[in-house]
Amino acid sequence: MRDHQSWDDDDGDDGRGPKRLKEFDCPSCNASNPLGDPAEAGDEVLCNYCGSSYAVSFNADGKARLKEL
């Protein structure tokens with residue numbers, strides 16, 4: 001399974017800057033959702049296909065986590 005949750009690290013070169021989610025695969029319907037404005041931890045994202053909402057967070061490795069609201 002491919003990981004379509006891509007993120008940016010646009011503050012500093014040390015990899016510890018704020019993470020931003022640019023696109024995600026919906027955990028409910030598996031649709032690919034590009035985001036116009038990158039989402040940061042604490043933001044909510046909406047699946048453009050099934051309408052499910054998710055809260056964005058990142059683990060210590062920088063991998064995006066989506067929690068259904």
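Each remark here, short or long, concerns the structure printed above.
Note that this is a predicted model, so its numbers are computed, not measured.

A. View of the nonpolar core. Membership of the largest hydrophobic core comes to 13 residues, with the highest contact counts inside it found for L21, F24, V45, V56 and L66. Put simply, the parts of the chain that give this core at least two residues each are strand 2 (19-25), strand 3 (32-40), strand 5 (53-58) and strand 6 (64-68). By residue number, the principal contributor to this core is strand 5, which donates 3 residues. The contacts of V56, once residues within four sequence positions are left out, are L21, A39, E40, A41, G42, D43, V45, R65 and L66.

B. Examining the pattern of salt bridges more closely. Per the counting criterion, the structure on display carries 1 salt bridge. We note a salt bridge from R20 to E40, for which the minimum N-O separation is 2.7 Å. Here the residue R20 occupies a position in strand 2, and E40 occupies one in strand 3, the gap between them amounting to 20 residues. On the basis of relative accessible area, E40 is assigned to the partly exposed category, the value being 30%.

C. The arrangement of the environment of R65 in detail. Considering the arrangement of structural elements, one finds R65 in strand 6. Using a relative accessible area of 43% as the deciding quantity, one classes R65 as partly exposed. Sequence separation of R65 and L21 is 44 residues, and the distance between their C-alpha atoms is 9.9 Å. Residues in contact with R65, not counting those within four places in the same chain, are A55, V56, S57 and N59.

D. Main features of the side chain of S52. Mapped onto the elements of the fold, S52 is located in the loop between strand 4 (44-46) and strand 5. Apart from the residues lying within four places of it in its own chain, the contact partners of S52 are S28, V45, L46, C47 and E68.

E. A look at the packing of aromatic side chains. Here the structure, examined in full by the defined rule, presents 1 aromatic pair. Taking 6.5 Å as the distance between ring centres and 65° as the angle between the ring planes, the aromatic pair formed by F24 and Y54 counts as edge-to-face. Of this pair, F24 sits in strand 2 while Y54 is found in strand 5, placing the two residues 30 residues apart along the sequence. Residues F24 and Y54 agree in their burial class; the two are buried.

What counts, and where the lines are drawn
Residues numbered from 1 in each chain as written. Predicted model: local features only at pLDDT ≥ 70, side-chain atom pairs only at ≥ 80, totals over all residues. Heavy atoms only, no water. Core = buried A, V, L, I, M, F, W, Y, C linked by side-chain atoms within 4.5 Å. Buried < 20%, exposed > 50% of the residue type's maximum accessible area, 1.4 Å probe, protein only. Helix = DSSP H or I, 4+ residues; strand = E, 2+ residues; numbered from the N terminus. Contact = heavy atoms within 4.5 Å. Salt bridge = Lys/Arg side-chain N within 4 Å of Asp/Glu carboxyl O. Phe/Tyr/Trp six-rings, centres within 6.5 Å; stacked < 30°, edge-to-face > 60°.

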